[in-house]
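Each chain, letter by letter, is given below.
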Amino acid sequence: MPSVALAEIAGFLDDYLAVPDFPDYPNALNGVQVESTGPIRRVAAAVDASQAVIDAAKDWADLLIVHHGLFWSGLQPLTGPRFGRVKALIETNTALYSVHLPLDAHAEVGNSAVLARKLGLGNLEPFGDYRGAAVGWKGGVDMPLEALARTLEEATGTRAQILPGGPGHVRTAAVVTGAGASALPEAAAAGLDLLVTGEAQHHHAIEAAELGVSVVLGGHYATETWGVKALARLLGQRFGIEGRFVDSPTGL
């Protein structure tokens, strides 16, 4: 079975995803979060670095790649669940690589771009500003709003929810996966009919109606499985190592 050093894989991902130069939340800590020793032969991919995911991957994978890593709350003691997750990774010599907004944004393997193409959006352009970087994509489409919501349901396997505001027939749309409803004002300013994202807050339903932009919600988890799956396939093609997706949905 082919094997490759962790440093080589991490260096490739850092460069391919432009990790060092991409802005992100202060505690995202993109890149290698937990190191390991020995070669990487099998990689697991998942949305979250939860205990359930780590337990499912630790006895099979040498490397776990996730979208949501370990340290969102900043500097905290390694006690309780935080200790349990790190302990399991170290004891089984499983490395952890986390990549957040750079993976949402990527033009080829990114969550937003992959989902936009699955929804039939064409002529994609960057959209969704975060500190000067685009984390989503916008494009043209020709589909009734209800039909587009059904297409999202078929792609994600989850129920889509419509927050009405825009026209019944969608011709322009943007995709910002996860918690992307904050991009509603930008969508309105761009003259878009629709914003597709994972989740929203109560006030976003009011904003959608008042701004004239519909929102379709597909679930935070379900809209963010695409990138890590694509990375596992990419590493298999480039390095010949085996990849597997660990599905651990939250229902949200």
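Just so we're clear, the structure is a prediction, and the values are computed from it rather than from any experiment.

What the protein contains, in helices and strands, is nine helices and 11 strands. Taking 18 Å as the expected radius of gyration for a compact globule of 252 residues, we find that the protein reaches 19 Å, a close match to that expectation. In terms of its C-alpha atoms, the protein occupies a principal-axis envelope of roughly 55 × 40 × 35 Å. Taking all 252 residues of the protein together, the buried fraction comes to 51%. Put simply, the protein shows about 11200 Å² of open surface, and 52% of that area lies on carbon and sulfur atoms.

With that out of the way, let us pick up the packing of helix α1 (residues 6-16) against helix α9 (residues 226-239). With their axes 12 Å apart at the nearest point, α1 and α9 run at an angle of 120° to one another. Judged by the angle between their axes, α1 and α9 are oblique. At the point where α1 passes α9, the crossing takes the right-handed sense. Where α1 approaches α9, its residues Glu8, Ile9, Phe12, Leu13 and Tyr16 are matched on the opposing element by Leu231, Leu234, Leu235, Arg238 and Phe239. Within the contact of α1 with α9, the residues separate by chemical class into eight nonpolar, no polar and two charged.

With a phi angle near 55°, Ala18 is a residue other than glycine that sits in the positive phi range. Structurally, Ala18 is set in the loop between α1 and β1 (31-34). Overall, the relative accessible area of 34% leaves Ala18 in the partly exposed class. We note that Leu29 has phi near 50°; this positive angle belongs to a residue other than glycine.

Glancing now at the sheet that holds strand β7 (residues 161-163). Strand order in the open sheet formed by six strands is β5-β6-β8-β9-β10-β7, with mixed pairing between adjacent strands. The sheet is open, and its two borders are formed by β5 (122-130) and β7, each paired with just one other strand. Averaged over all pairs of adjacent strands, the angle between their axes in this sheet comes to 30°, without regard to strand direction. Relative to strand β10 (residues 214-217), strand β9 (residues 194-197) is paired through four bridges, and the arrangement is parallel. Residue Leu194 lies in a different strand from β10, and its bridge partner there is Ser214. Sheet contacts for helix α5 (residues 111-118): β5, β6 (133-144) and β8 (169-175); angle to β6, the most-contacted strand, approximately 5°.

Rules used throughout
- Residues numbered from 1 in each chain as written.
- Predicted model: local features only at pLDDT ≥ 70, side-chain atom pairs only at ≥ 80, totals over all residues.
- Heavy atoms only, no water.
- Helix = DSSP H or I, 4+ residues; strand = E, 2+ residues; numbered from the N terminus.
- Rg over C-alpha atoms; globule rule 2.2 N^0.38 Å.
- Buried < 20%, exposed > 50% of the residue type's maximum accessible area, 1.4 Å probe, protein only.
- Areas by Shrake-Rupley, 256 points an atom, 1.4 Å probe, with all protein chains shown as cover.
- Axes fitted to C-alpha atoms, helices over the stretch in contact; angles between N-to-C directions.
- Parallel < 35°, antiparallel > 145°, perpendicular 65-115°, else oblique.
- Left-handed = near helix turned anticlockwise from the far one by under 90°.
- Contact = heavy atoms within 4.5 Å.
- Nonpolar A, V, L, I, M, F, W, Y, C, P; charged D, E, K, R; others polar.
- Pairing = 2+ DSSP bridges.

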